[in-house]
Amino acid sequence: MQTLKNLKPGQPARVVRVLGEGALRLRIMELGLTPGTPVRVRKTAPLGDPIEILVRGYSLSLRKAQAALVEIAAAQE
């Protein structure tokens, strides 16, 4: 399955599930990345890490290692 790490800027997607365990998984979900939530990558840093995403009406920056834990499905615009 595709992860948020591989999403291209401007491409819409929907969160399918959050991988990982314990506090890290809980923290990612507390940031608003819960199953069914639409997301979109706004931009990436010049060296590719971190990435800025739009989720629930606000911008959120995630490291690629964190983004790799968020499985997504392509969404229709």
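The structure displayed is predicted, hence computed values, not measured ones. (Residues numbered from 1 in each chain as written. Predicted model: local features only at pLDDT ≥ 70, side-chain atom pairs only at ≥ 80, totals over all residues. Heavy atoms only, no water.)

Before we move on, can you summarise the overall build of the chain with the specific residues and values?
Looking only at helices and strands, the chain features two helices and five strands. Shown N-terminal to C-terminal, the secondary structure of the chain runs as helices and strands in the order β-α-β-β-β-α-β. Principal-axis analysis of the C-alpha atoms gives the chain an extent of 30 × 30 × 25 Å. Considering the chain as a whole, with its 77 residues, one finds that 34% of them fall into the buried category. The contacts in the chain between residues at least 6 apart in sequence include a share of 57% that link residues at least 24 apart. Total accessible area on the chain stands at roughly 4,700 Å², and carbon and sulfur atoms take up 52% of it. (Helix = DSSP H or I, 4+ residues; strand = E, 2+ residues; numbered from the N terminus. Buried < 20%, exposed > 50% of the residue type's maximum accessible area, 1.4 Å probe, protein only. Contact = heavy atoms within 4.5 Å. Areas by Shrake-Rupley, 256 points an atom, 1.4 Å probe, with all protein chains shown as cover.)

Hey, could you go over the sheet that holds strand β1 (residues 12–18) for me, with residue numbers and the actual values?
Read from one edge to the other, the open sheet built from five strands follows the order β4-β3-β2-β1-β5, with strand pairing classed as antiparallel. Each edge of the open sheet carries a strand with a single partner, namely β4 (58–62) and β5 (70–74). For this sheet the average axis-to-axis angle between neighbouring strands, irrespective of direction, equals 45 degrees. Across three bridges, the pairing between β1 and strand β2 (residues 38–44) is antiparallel. From the neighbouring strand, Ala13 faces β2, where its bridge partner is Val39. (Pairing = 2+ DSSP bridges. Axes fitted to C-alpha atoms, helices over the stretch in contact; angles between N-to-C directions.)

Give me the nonpolar core: which residues, what numbers.
Core analysis: the biggest nonpolar cluster contains 19 residues, and Leu4, Leu33, Val39, Ile53, Leu60, Leu62 and Val70 have the highest contact counts within it. If you list the elements that add at least two residues to this core, you get β1, β2, β3 (51–55), β4 and β5. (Core = buried A, V, L, I, M, F, W, Y, C linked by side-chain atoms within 4.5 Å.)

Break down the environment of Gly57 for me, with residues and values.
When you line up the elements, Gly57 lands in the loop between β3 and β4. Placed 19 residues apart in sequence, Gly57 and Pro38 show a C-alpha to C-alpha distance of 10.0 Å.

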